[in-house]
Each structure stands twice: as structure tokens, then as C-alpha cells.
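Inside the fold
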Amino acid sequence: MTKVLVLYYSSYGHVAKMADAFAEGAREAGAEVDVRRVPETAPKEVAEAAGFQKDESHPEIEGVNALENYDAIIIGAPTRFGRMPSQMAAFLDQAGGLWARGALNGKVGGAFTSTGSQHGGQEVTLFSIITNLLHFGMTVVGLDYGFKDQMTMEAIHGGSPYGATTLAGGDGSRQPSDIDLGGARYQGKRIAQTAAKLSA
């Protein structure tokens, strides 16, 4: 059975909800899925002042070497000034040993994010994640246009060919919409299907 990891960091719960939708889509494709989060690295007083939610919806990943146990790795993180946040970067920066051994070569990857506004840096944040995946030797699967809802103009929503996204609003009050979650499920399924074909 294809093994898929959905690995994320979430400050306010939006990315965690998207991670669950990715897992649903991958399971629909028949994959075995683990959803894990990276450790919080912000000082406690900073996290409290910013109102970060204590995320206990999924267990923390047991170190960077766990990545090689999966056929596909889907990485999600919110946007921080147009790039992935330091929590996710700090985790991925520990993967030098895996890179040197080529342990992730040929695996499948994907990215997703959340921003506070429509033009808050979604696509460049996705690319900051995708760049890591490509350097790891992975095959990247985005949110292809088979998911037609990303093209609708009737409502504000996320979605990009580079990956599923959501919009949190400046105060974090907006939750992922049905379109946002649908894109995540679709991309998760596509990634699991691709991984199954490549690992066969």
C-alpha cells in the first residue's frame, strides 16, 4: 500500500484543517496516510502574544529521518511574508543527511498554504516549499485544472495550479471554504495516485 505523509505547521488551525482534507483525498485513492505536525519553535511568550492555538490535532513527527518511510510527502504551512514560516524551514533544514543519501529521490511531493488575504503571497509560499521538494529529488504534483472549482469567480476562494490554498482573513476568522477543502482533497488524491504508479 502506498504510504503518504501530510506534514504541516499551523498557527491558527487553518492549515491543520486543510491537512485533514488532503488526508481524506489520499485515503480515497487507497493510500495509508499519516498526518503529522512539525514542532513549534516560537518562544512561548511570542506564541501567546500572537494568539497561536496550541495544536494537538495530530502528533508531532518523530524527527526528519521519518520522511524516508513514505512514498509521498505533502507539506503545508502558512505564509510568512511570502514564504514558508521558520518552523517548517527549521525542520526541513535538518534534512541534509537525507539529501546527501538521495533518500527522497523519486518520491512524490506537493504543497499547500494559507494566507491572510487574496494577494498575501500564496504562490510564492508554495514555491518556497516546492523548491525544497525539488532539491530533495522529488516529483511535484500540483492542483491541476481537473479541479475546475479553482476557476470559479462567484466567491472568494483559494487554489492555484501550484497547490491548494485557503484564505484566513486578516484576523484569522475565515475558515477554509468548501472549494478550498475540495481542492485539498483533489490534490491529495492525485498525489497518492501518482505515488502508487511510480512506486509500482
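Each value, and the rule that gives it
Residues numbered from 1 in each chain as written. Predicted model: local features only at pLDDT ≥ 70, side-chain atom pairs only at ≥ 80, totals over all residues. Heavy atoms only, no water. UniProt positions renumbered as here; feature names shortened; annotations may be inferred. Helix = DSSP H or I, 4+ residues; strand = E, 2+ residues; numbered from the N terminus. Expected span 1.5 Å × (residues − 1). Buried < 20%, exposed > 50% of the residue type's maximum accessible area, 1.4 Å probe, protein only. Contact = heavy atoms within 4.5 Å. Pairing = 2+ DSSP bridges. Right-handed = clockwise from strand over helix to strand, strands pointing away. Phe/Tyr/Trp six-rings, centres within 6.5 Å; stacked < 30°, edge-to-face > 60°. Lys NZ or Arg CZ within 6 Å of the ring centre and 35° of its normal.

- In the annotation of an unreviewed UniProt entry, the entry for the protein reads NAD(P)H dehydrogenase (quinone), and the organism field reads Sphingomonas dokdonensis.
- UniProt's Sequence similarities (unreviewed entry) comment on the protein is quoted here verbatim: "Belongs to the WrbA family."

**Considering the UniProt feature "domain: Flavodoxin-like" (unreviewed entry) in the protein**
- In this numbering, the UniProt entry assigns the feature "domain: Flavodoxin-like" (unreviewed entry) to residues 4-191.
- Segment residues 4-191 splits into 34% helix and 17% strand. End C-alpha atoms: 9 Å apart.

**So, helix H1 (residues 14-28)**
- When the terminal C-alpha atoms of H1 are compared, their 22 Å separation across 15 residues agrees well with the 21 Å that a helix rising 1.5 Å per residue should span.
- Those residues of H1 that fall on the buried side of the exposure criterion are His-14, Val-15, Ala-16, Met-18, Ala-19, Ala-21, Phe-22, Ala-23, Gly-25 and Ala-26.
- Where H1 is buried, its residues touch strand S1 (3-8), strand S2 (32-37), strand S3 (72-78), strand S4 (108-115), strand S6 (164-167) and helix H6 (178-199).
- Downstream of H1 by a residue or two, Gly-30 has a phi angle that is positive, lying close to 95°.

**A word on the pairing of S4**
- Of all 8 residues in S4, 8 are buried, a share of seventy percent or more.
- In the sheet, S3 pairs with S4 via 7 bridges, with the strands oriented parallel. By the bridge assignment for S4, Gly-76 is matched with Phe-112.
- As paired elements, S4 and strand S5 (residues 139-140) share 2 bridges and run parallel to each other. Residue Val-108 lies in a different strand from S5, and its bridge partner there is Thr-139.
- Of the strand pairs in this sheet, S4 and S6 are connected by 4 bridges, and their pairing is parallel. Bridging across to S6, Ser-114 finds its partner in Thr-166.

**Re the pairing of S1**
- The element S1 is extensively covered by neighbouring structure, given that 5 of its 6 residues are classed as buried.
- One ladder, built from 6 bridges, connects S1 with S2; its direction is parallel. The residue of S2 that forms the bridge with Tyr-8 is Arg-37.
- A crossover links S1 with its parallel partner S2, the connecting element being H1, and its sense is right-handed.

**Digging into the packing of aromatic side chains**
- Within the structure shown, the criterion is met by 4 aromatic pairs.
- Aromatic pair Tyr-12 and Phe-52: ring centres 5.5 Å apart, planes at 90°, arrangement edge-to-face. Pair noted here: Tyr-12 is in the loop between S1 and H1 and Phe-52 is in the loop between helix H2 (44-50) and S3, with a separation of 40 residues, a long-range link.
- Measuring from centroid to centroid gives 5.8 Å for Phe-147 and Tyr-186, while their planes differ by 45°, and the two rings are tilted. Of this pair, Phe-147 sits in the loop between S5 and S6 while Tyr-186 sits in helix H6, placing them 39 residues apart in sequence.
- Above the face of the Tyr-70 ring, Lys-3 is positioned so that its terminal group lies 5.2 Å from the ring centre.

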